[in-house]
Amino acid sequence: MLARTLRPLATEGTALVCFASMAPLLGGTDPDPAVDAVLDDPLDEGFLDRVHEAVGPGAEDTGIAYAWAKRGVHRFVQREAVRIGPLGARVCSVSPGLIDTPQGRQESASHPGTERLLRQTPLGRQGRSEDVAAAVAFLLSSEAGFLSGIDLLVDGGVCAAVRTQVGRT
């Protein structure tokens, strides 16, 4: 709703960054045309019922619901780039990985798989909020003037390691 409200204000040089997550990139939300069609219309009155119907009972699992919601952000950025691009405006998303913040530490404490992901992270550490802020600042800068409709993964390489099954030695 915010994007729809702000869209008329978009002009040459406008840049928007949305926050997504690496969660949909780690599996469990493989492309599914039925789910994607629902995610592409989040303002539909029956959205939640349609998500539940398309995803199934897994939609009630907070981890699965989170991953699908963040896949929706990825898809939104792609569609919004097409809408505002003719105005000279851009939109991208940032998908943070394991970031050392109070919320990140809380997540790590409640999800044992987080430690495994950290061990697989090629850079061998959690990210810092400054890492994410620098990525956002870049996307908002004129240096990123030809980037739109993309997701910038700020994860220290963990998604690459998981996808390729190559871990740190």
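Model, not experiment: these values are computed from the prediction.

(A) Representation of the overall build of the protein in the model. When helices and strands are counted, the protein shows eight helices and three strands. The linear arrangement of helices and strands in the protein, starting from the amino end, is α-β-α-α-α-β-α-α-α-β-α. Relative to the compact-globule value of 15 Å for 169 residues, the protein shows a C-alpha radius of gyration of 17 Å, a close match. Residue burial in the protein is summarised as follows: out of 169 residues, 36% are buried. When contacts within the protein are restricted to residue pairs at least 6 apart in sequence, long-range pairs at least 24 apart make up 77% of them. Each charge class in the protein was averaged separately, 16 positive and 21 negative side chains, and the resulting centres sit 5 Å apart.

(B) Summary view of the pairing of strand β2 (residues 90–96). Summarising burial for β2: seven of the seven residues are buried, a large majority. Judged by which residues are buried, β2 turns out to be covered on both faces: Arg90, Cys92, Val94 and Pro96 on one side and Val91, Ser93 and Ser95 on the other are all buried. Summarising the sheet, strand β1 (residues 15–19) and β2 pair through five bridges and their orientation is parallel. The partner of Ala15 across the bridge, within β2, is Arg90.

(C) Just a nonpolar patch on the surface, in detail. On the surface, Leu2, Leu6 and Leu9 cluster together into a nonpolar patch covering about 330 Å² of accessible area. Locating Leu9 in the fold gives a position in the loop between α1 (2–6) and β1.

(D) Here's a closer look at the sheet that holds β1. On the basis of which strands lie adjacent, the open sheet formed by three strands has the order β1-β2-β3 and parallel pairing. In this open sheet, the two edge strands, each paired with only one partner strand, are β1 and β3 (151–154). Averaged over neighbouring strand pairs, the angle between their axes works out to 25 degrees when direction is ignored. Of the pairings in the sheet, the one linking β2 to β3 comprises four bridges and is parallel in character. Within β3, the residue paired with Ser95 across the bridge is Leu153. Contacts between helix α4 (residues 62–84) and the sheet are confined to β1, β2 and β3, with β2 contributing the most and set at about 165 degrees to the helix.

(E) Region of the structure containing the pattern of salt bridges. Tallied over the full model, the rule gives 10 salt bridges. For Arg105, the salt bridge is made with Asp100, and the minimal N-O distance between the two is 2.5 Å. Arg105 gets classed as partly exposed once you look at its relative accessible area, which sits at 44%. You can call Asp100 partly exposed: its relative accessible area is 37%. Where salt bridges share partners, they join Asp36, Asp40, Arg71, Arg75 and Arg79 into one cluster.

(F) Here's a closer look at the state of the cysteines. On inspection of all chains with the given rule, the structure shows zero disulfides. Here Cys18 stays free of any disulfide, with the sulfur of Cys92 as its closest cysteine sulfur at 9.1 Å. For Cys18, a relative accessible area of 15% puts it in the buried group. Of all cysteine sulfurs in the structure, the one in Cys92 sits closest to Cys159, which takes part in no disulfide; the separation is 18 Å.

(G) Local environment of helix α6 (residues 113–120). Of all the positions in α6, only Thr114, Leu117 and Gln120 are classed as buried. For α6, the buried positions fall inside an angular range of 120 degrees around the axis, keeping them on one side. Looking at the buried residues of α6, the elements they touch are α5 (102–110) and α8 (158–164).

Conventions and cut-offs
Residues numbered from 1 in each chain as written. Predicted model: local features only at pLDDT ≥ 70, side-chain atom pairs only at ≥ 80, totals over all residues. Heavy atoms only, no water. Helix = DSSP H or I, 4+ residues; strand = E, 2+ residues; numbered from the N terminus. Rg over C-alpha atoms; globule rule 2.2 N^0.38 Å. Buried < 20%, exposed > 50% of the residue type's maximum accessible area, 1.4 Å probe, protein only. Contact = heavy atoms within 4.5 Å. Lys, Arg positive; Asp, Glu negative; His and termini not counted. Charge placed at Lys NZ, Arg CZ, Asp CG, Glu CD. Pairing = 2+ DSSP bridges. Patch = residues over 30% accessible without salt bridge, like charges linked within 9 Å, V, L, I, M, F, W, Y side chains within 5 Å. Areas by Shrake-Rupley, 256 points an atom, 1.4 Å probe, with all protein chains shown as cover. Salt bridge = Lys/Arg side-chain N within 4 Å of Asp/Glu carboxyl O. Axes fitted to C-alpha atoms, helices over the stretch in contact; angles between N-to-C directions. Disulfide = S-S within 2.5 Å. Arc of directions from axis to C-beta.

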